[in-house]
Amino acid sequence: MYNFITGPLLWITFIIFFVGLTVRVVLYIRGLDWRLDRVAYRKYPTLGLKGALSSIFHWLVPFGSHGWRAKPLYTIIFFIFHIGLVVTPLFLVGHAVILKERWGINWPTIPMLLADALTIAVMVTAVFIAIRRIGLPEVRIITTAYDYFLLLLTVLPFFSGFMAAHQFGDYVFWNYTHILSGMALLIAIPFTKLFHVVGYFLSRAQIGMDFGIKRAYKAKGGFAW
Amino acid sequence: MPEGILCNRTPINTKEQLDAVLADKGGKQYYQEMEQLEVDVEKLQKSLQDTCKSRIRTWLEMCAHCGLCADSCFFYLANKKDPQQVPSYKILTTLGKIVEKNGNVDTAHMIYCMDTAWGKCTCCNRCGSFCPYGIDMGVMFSYLRGLCFSQGFVPWEMKIGSGMHRIFRAQMDVTPEDWVETCEWMAEEQQDEWPGLEIPVDKEGADIMYTVNAREPKHYPEDIAEAAILFHLAGENWTVPSLGWEQTSLTMFAGDWEGCKLQVQSVYEAIERLKPKRVVGTECGHAHRGTVIEGPYWVGREDGRPPAPYIHYVEWLAEALRTGKIKIDPAKKLKIPVTIQDSCNYIRNHGLKDITREIMSYIVEPGYFIEMYPNKEYNFCCGGGGGLNGIGRYRQWRNVGMKVKRDQIIATGAKLVIAPCHNCWDAIRDLEEVYELGIKWSFLKPLIIKMAIIPEHLKPQEEEEEEE
Ligand code: HEM
Ligand code: SF4
Ligand code: SF4
Ligand code: SF4
C-alpha cells in the first residue's frame, strides 16, 4: 500500500500537476488576442516586459503596491500564510531526505524549528482567513463552500504532516493523510482557483503589459502600482 | 413576442428607426418590450466562443473571492458598503453566470446584467488596480456590455447613442453641414474681439487637426470658439475636418463594437485625408479613450496607435504654457482654493497625471491648489462615467454614487473644481445641483482665456484707443 502510494500514485500526481499546469499556461498564452484584449503585445516587447515585471514585482513584495498598503493587516496575514505555504514543503528536511534517498539529490533545507513555526503559522493564518470570510460581509457574499473546501484542502497536508512529524496520535493514519492530501492539493492546483500559483504570474504579466504598452505608457515610470 | 418593435437585437441604422425610438419618451415602451425580449442563446454562445478568451475566462475562474476589490469601488462605498456592490460579486453574478452556463440564461438575467453593467459600474477600472491578480472589472463590464448590446439589452439612451453614431458619425444629430456652419458662425462672432481669428476647415498639412465632442456644436458652441481663441493666441497652424470631427464614442459605452469601428474610422480617414502633423482632442475623457487609446484596436491597427500622434487637450495646453506660446498674467493666476478632477479615462488609463499638475503650476497661485485624496491613477470616478450620466433609468443610483466624489471635494475645501472632461464636468455640475456644495466647476479653456496675456498685435484696434 505504502509503496503504491509513494510509487506510481505519486508519479501520476506529479504528471497531472506538471502537465496540467503546462497545458494551462500554453492555453492561456495562446488565448491572448491582441485585438480582443486590445493590447499590442508583440509590437512593444520592451514596454510590455517592463510593464509585466513591474506589475508582478510590486504585488510580490509585502506592502509593495497601493493595494497591499490599503489593507495592512490582511497583507501581513496573507504573506505569512503564503511564505509558509511555499517555503515549508519545498525546504522541509523530511522532504529533502526522500529526494536524497531516492535520487541522491542534495536539496537545501530549513531547520525543523523554523518548519514547525511556519506550519503553525500557515494553520493560524488559515483560520484567520476563514474567520475573515465569515465575518466580513463583502467577503462572505462571494464565498461559497468551494472556497472553504480549498482552504481546508490546503491546510490538511500541513496539519497532518505536523501531527505525523510529532507523532501525535496515530502516526500511520496521519502519515497517510498527509501524503494523500498533499497529492490531492497538487492535483487541485491546475483545475481550481489555486491555479493562481502560476496564474498569478500570467495574469499580472498580462495586466502589466496592458498598462505598459497601452494604458500607462505616457506615465513616467509606468503605472504606479 | 421574441423581439420588440423598439427593443430588439438590431442596432439603429436608419433615421426612421432612430425617430421611432426617440419618440418613445424615456423609453417607456422600450423597457416594456425588453421584459419580453428573448435571449438568442445560440448567438450568445457563438459570441462567447469567438470573443471570450483566456484573459477573461481566467479572471473569472481564478478570482480568489478575497474581497480586496470591495473598497476600491465608489459604488460600494457610496452605498454604505452594500455587499451587492462588491466588484467581484457584480461580475461573477452577471458575466460569470453567462460564461458558466455557456449562454443558457433567460431574459430576467440579461436585464439584471444590463442594470449591473450600466447602473452599478462606470468602467472606471479602479478596482483593477486593487486586485492582487489585476482582475479588471472595468474591462469585463465593458465586455459584458458588448454581449448585452448584441442581445438588445441596452439602456434606451445607449441604443439611441449608438444609432446616432451609426447614422451621423456623431453622438448627436449634428450633420457635417451643421458642424461647418457652427465653426463659421463661431469664427465670425469672435471677429470684434479677435480680429483675424479663423477656424480653418479641411486645411491639408496643418500642424494640428482638432477634434471635438458633438455636444460642443450642439449645445456649447462657445467651447469651439474658446479652442479657436487659444489656438489663435498660441499662433498655431490648425484645422478642423468637415468629416470625422467627432471624437467621442457613445458606441463604446453602449458596447456597440461595430459602431465604435465606424466612428473611429471616420476620424482616422480625416487624419489620412488632411495629413496633419498631429491631432489634438478637446477636453473630454472618453473621447480620448475611444479615439486615441482603444480606437486603434477597433479598426485593427497593429501598432495600437492612431495614424498620427493624437494628444489630449491637456497635453497641448501644458506644452503651450511650457514653451511660452501662451503666457499667463501672473496677476491673474487663480487665488481661490482649486482642485482638479482626474479623469479615469486619460489619467488612470493613459498616464497623463503629471501633465495636469504641470498646468496647475502655471495657472494657480502657489498654495491654492489642493489635491483630492485619493488622486492621480487612484482617483475615484466622478460618479457619472461610462455613459451613466445620460441614463434616466439609473439616475437615482448615480446620484447616490456621486457621494464619494462629493465628500472628496468637500474635504479639499476647494471652491473651484477644474474638470477637463465633459463627463466629469457634467457630473460635478449635477453634483452641485443635487447636493448644493456651493462650488464652481470649469473646463480649462475659459480659465486660460481669462488669464492669458494678449500680445498687442492680436488685440482689436479700438480697445487700445479706449484704454488710452
Ligand atoms: C506560489 C505558490 C502559491 C501557493 C501554493 C498559493 C496557495 C494559496 C492557497 C492555498 C490559498 C488559499 C485559498 C483559499 O483561501 O481558499 C491562497 C489564497 C490566495 N492566494 Fe495564493 N498561492 C501561491 C502564490 C500566490 C501568489 C504569488 C499570489 C499573489 C500575490 C497569491 C494570491 C492569493 C490570494 C489573493 C489568495 C486569497 C486569500 C483569501 O482567501 O483571502 N498566491 N493561495
Ligand atoms: S470599474 Fe469602477 S465602477 Fe466598475 S466595479 Fe470597478 S471600481 Fe466599480
Ligand atoms: S480583489 Fe481580485 S481576486 Fe479578490 S475578490 Fe476582487 S477580483 Fe477577486
Ligand atoms: S466621467 Fe470622468 S471620472 Fe467618471 S469615468 Fe469618465 S473620466 Fe472617469
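Residues numbered from 1 in each chain as written. Chains lettered and ligands numbered in written order. Predicted model: local features only at pLDDT ≥ 70, side-chain atom pairs only at ≥ 80, totals over all residues. Heavy atoms only, no water.

Student: With reference to specific residues and values, describe the overall build of chain B.
Tutor: Helix and strand content of chain B: 23 helices and seven strands. Taking the principal axes of its C-alpha atoms as reference, chain B extends roughly 80 × 45 × 40 Å. Across the 468 residues of chain B, 65% fall into the buried class. Nonlocal contacts in chain B, meaning residues at least 24 apart in sequence, comprise 82% of its contacts between residues at least 6 apart. As displayed, chain B offers around 16,800 Å² of accessible surface, 51% of which is attributable to carbon and sulfur atoms. Taking the average location of the 53 positive side-chain charges in chain B and that of its 68 negative ones, the two points are 8 Å from each other. (Helix = DSSP H or I, 4+ residues; strand = E, 2+ residues; numbered from the N terminus. Buried < 20%, exposed > 50% of the residue type's maximum accessible area, 1.4 Å probe, protein only. Contact = heavy atoms within 4.5 Å. Areas by Shrake-Rupley, 256 points an atom, 1.4 Å probe, with all protein chains shown as cover. Lys, Arg positive; Asp, Glu negative; His and termini not counted. Charge placed at Lys NZ, Arg CZ, Asp CG, Glu CD.)

Student: Before we move on, can you summarise the interface of chain A and chain B with the specific residues and values?
Tutor: If you look at the interface, chain A gives 55 residues, while chain B gives 60 residues. A buried area of about 4,800 Å², summed over both sides, lies between chain A and chain B, and 56% of it is on carbon and sulfur atoms. In terms of surface lost to chain B, no three residues of chain A exceed Arg38, Ile142 and Arg215 of chain A, which account for 16% of the buried area on that side. Taken together, chain A and chain B are joined by eight salt bridges. In this structure, arginine 24 of chain A and glutamate 61 of chain B form a salt bridge, with 3.1 Å as the shortest nitrogen-oxygen distance. Taken together, the links from chain A to chain B amount to 29 residue pairs in polar contact (both at pLDDT 80 or more). (Buried area = accessible area lost by both parts, 1.4 Å probe. Salt bridge = Lys/Arg side-chain N within 4 Å of Asp/Glu carboxyl O. Polar contact = N/O pair within 3.5 Å; in protein donor to acceptor, adjacent residues only side chain to side chain.)

Student: Residues and numbers for the site of ligand 2, please.
Tutor: Around ligand 2 lies a shell formed by Cys73, Phe74, Pro87, Cys121, Thr122, Cys123, Cys124, Asn125, Cys127, Met137 and Gly138 of chain B. For the shell around ligand 2, the class distribution of residues is eight nonpolar, three polar and no charged. (Near = heavy atom within 4 Å. Nonpolar A, V, L, I, M, F, W, Y, C, P; charged D, E, K, R; others polar.)

Student: How would you summarise the coordination of the iron atom of ligand 1 if you had to cite specific residues and measurements?
Tutor: All names here are of chain A. Summarising the metal site, the iron atom of ligand 1 is bound by the protein donors His82 (NE2) and His196 (NE2), whose distances to it range over 1.9 Å. Its six donor atoms give the iron atom of ligand 1 angles of 87 to 179° at the centre, a pattern that matches the octahedral case. One end of the pair, histidine 82, is in helix H5 (residues 72-91); the other, histidine 196, is in helix H11 (residues 196-215), with 114 residues separating them in the sequence. With relative accessibility at 17%, the residue histidine 196 sits in the buried group. (Donors = N, O, S within 2.8 Å, 3.2 Å for Na, K, Ca; no water. Tetrahedral: all angles 85-135°; square planar, octahedral: opposite > 155°, others 65-115°.)

Student: Tell me about the sheet that holds strand S6 (residues 416-418) of chain B, and please be specific about residues and values.
Tutor: Residues and elements named next belong to chain B. With parallel pairing, the three strands of this open sheet are ordered in space as S5-S6-S7. Edge strands, defined here as strands with exactly one partner in the open sheet, are strand S5 (338-340) and strand S7 (440-442). On average, each strand axis in the sheet is inclined to that of its neighbour by 25°, with strand direction left out of account. (Pairing = 2+ DSSP bridges. Axes fitted to C-alpha atoms, helices over the stretch in contact; angles between N-to-C directions.)

Student: How would you explain the side chain of lysine 445 of chain B if you had to name every residue and give the values?
Tutor: Residue and element names in this part refer to chain B. The residue lysine 445 is located in helix H22 (residues 444-451) in this model. Since its relative accessible area comes to 1%, lysine 445 is described here as buried. Of note is the side chain of lysine 445, whose polar atom sits 2.7 Å from the side chain of aspartate 223. Among residues more than four places away in sequence, those in contact with lysine 445 are Tyr210, Asp223, Glu226, Ala227, Leu230, Thr282, Glu283 and Tyr313.

Student: Help me get a handle on the domain arrangement of chain B, residues and values and all.
Tutor: Interfaces are often described in size by the accessible area the parts lose on coming together. Residue and element names in this part refer to chain B. Taken as a whole, chain B is organised into domain 1 (39-154), domain 2 (165-311) and domain 3 (330-451). Here domain 1 and domain 2 have C-alpha centroids that lie 32 Å from each other. Domain 1 puts eight residues into the contact, and the matching count from domain 2 is six residues. At the boundary of domain 1 with domain 2, total buried surface from both sides reaches about 540 Å², with 47% on carbon and sulfur atoms. Broken down residue by residue, the surface that domain 1 buries against domain 2 is led by Ser142, Arg145 and Phe149, which jointly contribute 58%. Along the contact surface separating domain 1 from domain 2 lie zero salt bridges. Taken together, the connections running from domain 1 to domain 2 amount to three residue pairs in polar contact (both at pLDDT 80 or more). (Domains from an automatic or database assignment.)

Student: Help me get a handle on the pairing of strand S3 (residues 278-281) of chain B, residues and values and all.
Tutor: All names here are of chain B. Neither face of S3 is open: one carries Arg278 and Val280, the other Val279 and Gly281, and all of them are buried. Sheet analysis places strand S1 (residues 208-211) next to S3, joined by four bridges and oriented parallel. Paired with tyrosine 210 across the bridge in S3 is valine 280. Taken together, the two bridges between S3 and strand S4 (residues 310-311) define a ladder with parallel strand orientation. When the sheet's bridge partners are listed, valine 280 is paired in S4 with isoleucine 311. Handedness of the β-α-β unit built from S3, helix H16 (residues 285-298) and S4 comes out right-handed. (Right-handed = clockwise from strand over helix to strand, strands pointing away.)

Student: Account for the site of ligand 4, with residues named and values stated.
Tutor: Surrounding ligand 4, one finds Gln341, Ser343, Cys344, Asn345, Cys381, Cys382, Gly385, Cys421, Asn423 and Cys424 of chain B. Split by residue class, the shell around ligand 4 holds five nonpolar, five polar and no charged.

Student: Outline the environment of alanine 170 of chain B, listing residues and values.
Tutor: Residues and elements named next belong to chain B. Structurally, alanine 170 can be placed in the loop between helix H10 (156-168) and helix H11 (176-189). Taking the C-alpha atoms as reference points, alanine 170 and lysine 405, 235 residues apart in sequence, are found 29 Å from one another. Apart from residues lying up to four places away in sequence, alanine 170 is in contact with Met164, His165, Ala214, Trp245, Glu246 and Gln263.

Student: Tell me about unusual backbone geometry, and please be specific about residues and values.
Tutor: All names here are of chain B. That bond from tyrosine 373 to proline 374 is cis: its omega, -10°, falls within 30 degrees of zero. Tracing the sequence through the fold places proline 374 in the loop between helix H18 (353-363) and helix H19 (395-401). The phi angle at asparagine 102 is positive, at roughly 45°, despite the residue not being glycine. Along the polypeptide, asparagine 102 turns up in the loop between helix H7 (95-100) and helix H8 (107-119). Taking the relative accessible area as the measure of exposure, asparagine 102 reaches 39% and is therefore partly exposed.

Student: Before we move on, can you summarise the sheet that holds strand S2 (residues 238-239) of chain B with the specific residues and values?
Tutor: Residue and element names in this part refer to chain B. The sheet built from four strands is open, its strands ordered S2-S1-S3-S4 with parallel pairing. The open sheet has two free edges, formed respectively by S2 and S4, since each of these has just one partner strand. As paired elements, S1 and S2 share two bridges and run parallel to each other. In the sheet register, methionine 209 faces S2, and the bridge partner there is threonine 239. Sheet strands touched by helix H15 (residues 257-274): S1, S2, S3 and S4. Its angle to S1, the strand with the most contacts, is close to 160°.

Student: Explain a nonpolar patch on the surface residue by residue, including any values.
Tutor: Residues and elements named next belong to chain A. Judged by side-chain polarity, Trp11, Ile15, Val19, Val23, Leu27, Val86, Leu90, Trp103, Ile105 and Trp107 come together as a nonpolar surface patch covering roughly 960 Å² of accessible area. Elements that contribute at least two residues to the nonpolar patch include exactly helix H1 (2-30) and H5. No other element matches the five residues that H1 contributes to the nonpolar patch. Structurally, leucine 27 can be placed in helix H1. (Patch = residues over 30% accessible without salt bridge, like charges linked within 9 Å, V, L, I, M, F, W, Y side chains within 5 Å.)

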